[in-house]
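# Residue-level structural notes
These are the residues of each chain, in order.
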Amino acid sequence: MKALCTVLATALLMSSSGLAAPAPQNVNPQAAALVDFQNRLQKYLQLRAQLADKLKPLSSTASAADLAARQQSLAAALRDVRKDARHGDLVSPVVAEQIRKGVDAYFRGKDASTRRAVFLEVPENLQPVINRTVPDSVALATVPPLLLNSLPRLPEGLQYRFVGRHIVLVDADTRLIMDYAQNALPPH
Amino acid sequence: MKRIILALAVSCVVCATASSQSSVRVSQGTTTQSAQTDAPLSRLPNAKDSVKFAVIGDTGTGGSAQYQIAKLLAEARTRFPYDFIIMMGDNMYGGQGPADFVKKFEKPYKPILEAGVKFYASLGNHDDPAQRYYKPFNMDGKRYYSFRKGDAEFFALDSTYMAPAQVDWLKDALSKSDAKWKIPFFHHPLYSSGQKHGSEVDLRQLVEPLFVEHGVDVVFSGHEHFYERMKPQKGIYYFTEGGSAKLREGNIRVGSALTEKGFDRDNTFMLVEINKDDIFFEAISRAARVVDTGSFPRREVTSSTSTR
């Protein structure tokens, strides 16, 4: 009996002092994926900042030629270090699903004219290709603000944009396509 | 000779009658018809120490209409010495390389730039967000920003990408502003009678409550390629000036309940003057005709005197 009490007391002590083996925790896989998404975006921004430090930074300049040169050199450097980037590296399947859900929720109940207005200026003949820039001659279709509210938040400097039926993740400084959620938009 | 005098007299009467139906004067928050004269650029008080500025929108075509409006803008300054110009976005259509900045901005506005007039740009859906680094646009590297001129604070928004962070910024900036006049400007109009685009209802839902809460009196936008002044909405005057280079002729919905005055037959720009508690405005066409003019007081002033 004495031995049993000793074992129980020891077990209790270990448990209360945190020495017991940790119990498995319930983790919401979607929440975890979103945290991971944010971490990846932050890493991308750190990388961009490091590259920009080595080059001429994108800052106010009176010369449009100088601005274009800085933008192009930063885009080239990003392309170079991310040459192995693949679809899904940033927008994982779970995040893409979250984006699709946000889109579905936004468009549910919207009438045809509202949909038409949203997609009026979406570039249709452009394919989302990672590390390719959205040409400056192509208008960046406006993303409805209330839709932005229902998508995973992006840090300043990165944007969601519509290309065909895809939602692409674009670097606002370079117009580089970083990744995309395929066919996230309804047919239009 | 008697016949000639009679004919001249008749034609003068006809001329005066026709013009009296096409202009609107706003005074003390009410609208009345008034005669339009052919004398351009002369309706503003041009008071000493007032805030004087011009409004242009959807400019960046590099085409002849842009150059003609730019010429009128420069000429207007000899009579109405405005200090700065606010741009409603689509500052650059198509290519945005160095040569485009010359053709679509630096060259048409050269005399104005050389006179030291500052341009403050907002971004439209055709603009590369990197334009915010282009110094002559005075955006200081920011997609959305504010600046102060006398009694007025201007809030340039990026309505092409109104993410929650920008809404938070706007809320904060408006609440901290102690300016008598708070004037947001951005590309997409919250209210519009345009057949092509119409009102931006999504955007309205987010920012209009902030405008109302923080005492905004007047808002400028572009996007629609014409001039329109809306009937006041929740006490706020909305102007669309998106026809300073492009023109969508006949695009204003006839009989729109929103329109107080619309003009979609030619390109336009605006001259605006803030003199203490009143704002005065003129919209001027490519033919140098005043197509709309008027004035109104600040909401705070009108509500305290119960005139609105």
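Being a predicted model, the structure only gives us computed values, none of them experimental.

About the thresholds
Residues numbered from 1 in each chain as written. Chains lettered and ligands numbered in written order. Predicted model: local features only at pLDDT ≥ 70, side-chain atom pairs only at ≥ 80, totals over all residues. Helix = DSSP H or I, 4+ residues; strand = E, 2+ residues; numbered from the N terminus. Axes fitted to C-alpha atoms, helices over the stretch in contact; angles between N-to-C directions. Parallel < 35°, antiparallel > 145°, perpendicular 65-115°, else oblique. Contact = placed C-beta atoms within 7 Å. Nonpolar A, V, L, I, M, F, W, Y, C, P; charged D, E, K, R; others polar. Buried ≥ 20, exposed ≤ 12 C-beta atoms within 10 Å, placed from the backbone. Pairing = 2+ DSSP bridges. pLDDT = per-residue confidence, 0-100.

## Details of unusual backbone geometry
- Backbone geometry at lysine 234 of chain B places phi at a positive 50°, although glycine is not the residue there.
- Structurally, lysine 234 of chain B is set in the loop between β10 (227-230) and β11 (237-241).

## Describing the packing of helix α2 (residues 29-54) of chain A against helix α4 (residues 93-107) of chain A
Residue and element names in this part refer to chain A.
- α4 packs onto α2 with a crossing angle of 105° between their chain directions and a minimal axis gap of 9 Å. Classified by the interaxial angle, the pair formed by α2 and α4 is roughly perpendicular. When α2 is examined against α4, the residues Pro29, Gln30, Ala33, Leu34 and Phe37 are found in contact with a partner set consisting of Val94, Val95 and Gln98.
- Split into classes, the residues belonging to the contact of α2 with α4 amount to six nonpolar, two polar and no charged.

## A word on the pairing of strand β8 (residues 181-185) of chain B
Residue and element names in this part refer to chain B.
- Taking burial as the measure, the five residues of β8 include five buried ones, the bulk of the element.
- Neither face of β8 is open: one carries Trp181, Ile183 and Phe185, the other Lys182 and Pro184, and all of them are buried.
- Bridge count between strand β7 (residues 152-156) and β8: five bridges; the pairing is parallel. Directly across from phenylalanine 154, in β8, lies its bridge partner isoleucine 183.

## Some remarks on the sheet that holds strand β4 (residues 84-87) of chain B
Residue and element names in this part refer to chain B.
- Ordered in space as β5-β4-β3-β13-β14-β15, the six strands form an open sheet in which the pairing is mixed. Strands with a single pairing partner mark the edges of an open sheet, and in this sheet they are β5 (118-121) and β15 (290-297). Ignoring strand direction, the axes of neighbouring strands in this sheet form an average angle of 20°.
- Note that strand β13 (residues 268-275) and strand β14 (residues 278-285) share eight bridges and pair antiparallel. Following the sheet pairing, threonine 268 is matched in β14 by serine 285.
- Contacting β3 (51-56), β13 and β14, helix α2 (residues 64-79) runs over the sheet at an angle of about 25° to β13.

## Side note on the confidence of the model for chain B
Residue and element names in this part refer to chain B.
- Per-residue confidence for chain B gives a mean pLDDT of 87; residues scoring 70 or more make up 84%.
- Overall, residues 1-41 carries pLDDT values under 50, and its contacts beyond four positions in sequence, including any with other chains, amount to 47 contacts.
- Scored as a complex, the prediction yields pTM 0.85 and ipTM 0.83.

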